Amino acid sequence: MGGAGGRALADVFVTRRLPPETLAPLAGSARLRVYEDEARAVPRDRFLREAAEVEGLLVLLTDQVDVELLAAAPRLRAVSTMSVGWDHIDVAACTERGIGVFHTPGVLTETTADLCFALMLACARRLGEGERAVRAGRWPPWSPFAFAGLDVHRRTIGIVGLGRIGQAVARRARGFGMEILYAGPRRHAEAERETGARHVPLEALLAAADFVVLLAPLTPQTAGMIGAPQLARMKTDAVLVNVARGGLIDEHALEAALKAGRPWGAALDVFQHEPAPADHPLLALPNVVAVPHIGSASVATRRAMARLAAENLAAALRGDRPDACVNPQVFRLP
Ligand code: GLV
């Protein structure tokens, strides 16, 4: 059967049910198979079976695209993920096989920065504890220091990874009158001009920041970058915020550090293993605020991400080069 302009339709597997209109960019150029469950990830055996037959995959961060899967997928040409992070994809192995990898930066920047601020405020002002107390009938008589926490405004934020989301967080921090530090491999001159952010070594950031915000990608270089020595540098009244990936933090070290009172609290959107079980030791600590990996979870943004993932895949299968390509080297391969 011919596609648009007589081109053959490419076989594509979509690993989760998504709003049909978000998949419209693939109409006319792809024959879609969709895993018809919205709430749960596709089982691995089904994923392997489907991957074996398709040229394109539209995946989520719950789907591991690893060497085993690639070996089972001889026709695969493009992997498009509905996420900005791509640590669930073995990009080097894709590149070796000439498979393009695409992601969804940009459309989730502001929404994720909003969540980052929500977490900072929730932890600093003890919203989780307060809410639990009210619901459980444990609302004490008003007293001067009941549920008293930390201020956010005019304090110092240290952003580890000043990419798109980090810069959006910095703009919000400016509105809160905060001093802004950042650490990372590169200087961002324009963001420095716009927000007044200062580039400092990670050690200096950890020692000076009242809010240490992790926004670095998870790579072999960043895995476990916040462990016992880094936590020991933080202030006793500082808050650690992670809206990136759980693997950046050594969770055992964080548990010990929080119990010892340094840092003051932690606000976590992500865990090393997700979903985190209810008996995860960090969840037993009152100074931890935890939410279930919802950084980009506004309806509008999740729709925009799904649509961009579909557009990227459609373009790649047409032979175009979408901007949001993780491994542009594949386009230079013979
Ligand atoms: C969410 O964590 C994403 O990578 O988009």
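Definitions and cut-offs
Residues numbered from 1 in each chain as written. Predicted model: local features only at pLDDT ≥ 70, side-chain atom pairs only at ≥ 80, totals over all residues. Heavy atoms only, no water. Helix = DSSP H or I, 4+ residues; strand = E, 2+ residues; numbered from the N terminus. Rg over C-alpha atoms; globule rule 2.2 N^0.38 Å. Contact = heavy atoms within 4.5 Å. Areas by Shrake-Rupley, 256 points an atom, 1.4 Å probe, with all protein chains shown as cover. Lys, Arg positive; Asp, Glu negative; His and termini not counted. Charge placed at Lys NZ, Arg CZ, Asp CG, Glu CD. Near = heavy atom within 4 Å. Polar contact = N/O pair within 3.5 Å; in protein donor to acceptor, adjacent residues only side chain to side chain. Nonpolar A, V, L, I, M, F, W, Y, C, P; charged D, E, K, R; others polar. Buried < 20%, exposed > 50% of the residue type's maximum accessible area, 1.4 Å probe, protein only. Pairing = 2+ DSSP bridges. Right-handed = clockwise from strand over helix to strand, strands pointing away. Axes fitted to C-alpha atoms, helices over the stretch in contact; angles between N-to-C directions. Parallel < 35°, antiparallel > 145°, perpendicular 65-115°, else oblique. Left-handed = near helix turned anticlockwise from the far one by under 90°. Domains from an automatic or database assignment. Buried area = accessible area lost by both parts, 1.4 Å probe. Salt bridge = Lys/Arg side-chain N within 4 Å of Asp/Glu carboxyl O.

Student: Lay out the overall build of the protein chain in plain terms, naming residues and giving numbers.
Tutor: Secondary structure assignment for the protein chain yields eleven helices and twelve strands. The globule rule puts the C-alpha radius of gyration for 334 residues at 20 Å, and the 22 Å found for the protein chain is close to it. A principal-axis box enclosing the C-alpha atoms of the protein chain has dimensions of 75 × 50 × 30 Å. Long-range pairs, those at least 24 residues apart, make up 58% of the contacts in the protein chain with a sequence separation of at least 6. Taken as a whole, the protein chain presents about 16000 Å² of accessible surface, with 55% of it coming from carbon and sulfur. Across the protein chain, the mean location of the 38 positive side-chain charges is 3 Å away from that of the 36 negative side-chain charges.

Student: Provide a residue-level description of the site of the ligand, including the pertinent values.
Tutor: Taken together, L61, S83, V84, G85, L108, R245, H293 and M305 make up the full set of residues adjacent to the ligand. Residue G85 places a main-chain N or O atom 2.7 Å away from an oxygen atom belonging to the ligand. One nitrogen or oxygen atom from the side chain of H293 is found 2.7 Å from an oxygen atom belonging to the ligand. When isolated, the ligand has an accessible area of 190 Å², and the protein chains bury 88% of it. Residue classes in the shell around the ligand are distributed as four nonpolar, three polar and one charged.

Student: Quick rundown of the pairing of strand β9 (residues 211-214)? Include the residues and the values.
Tutor: Where burial is concerned, the two faces of β9 agree: the one with F211 and V213 and the one with V212 and L214 are both buried. The sheet contact formed by strand β6 (residues 156-160) and β9 spans four bridges and is parallel. When the bridges of β9 are listed, I159 appears paired with V213. Bridge count for β9 against strand β10 (residues 239-242) is four bridges, and the pairing is parallel. What sits directly across from V212, in β10, is L240. For the handedness criterion, the β-α-β arrangement of β9, helix α9 (residues 228-233) and β10 is classed as right-handed.

Student: Residues and numbers for the packing of helix α4 (residues 109-124) against helix α6 (residues 164-175), please.
Tutor: Between two packed helices, the angle of one axis relative to the other and the distance separating the axes together describe the packing. Put simply, α4 and α6 touch, their axes get as near as 8 Å, and they point 55 degrees apart. Taken together, the axis directions place α4 and α6 in an arrangement best described as oblique. Handedness of the crossing formed by α4 with α6: right-handed. For the pair α4 and α6, the contacting residues are T109, E110, T112, A113, D114, C116 and F117 in the first and R164, I165, A168, V169, R171, R172 and A173 in the second. For the contact of α4 with α6, the class distribution of residues is seven nonpolar, two polar and five charged.

Student: So what's going on with the environment of V107? Residues and values would help.
Tutor: If you trace the backbone, V107 turns up in the loop between β5 (100-102) and α4. Judged by its relative accessible area of 33%, V107 is partly exposed. Placed 141 residues apart in sequence, V107 and L248 show a C-alpha to C-alpha distance of 23 Å.

Student: Describe the domain arrangement of the protein chain, listing the residues and the values that go with them.
Tutor: One can read the domain layout of the protein chain as domain 1 (4-106 + 299-332) and domain 2 (109-290). Here domain 1 and domain 2 have C-alpha centroids that lie 32 Å from each other. Contacts between the two partners involve six residues from domain 1, matched on the other side by five residues from domain 2. Per-residue buried area on domain 1 facing domain 2 is highest for D87, G106 and T301; these three make up 63% of the total on that side. Close ionic contact of D87 with R245 constitutes a salt bridge, the shortest N to O distance being 2.9 Å. Between domain 1 and domain 2 we count three residue pairs in polar contact (both at pLDDT 80 or more) in total.

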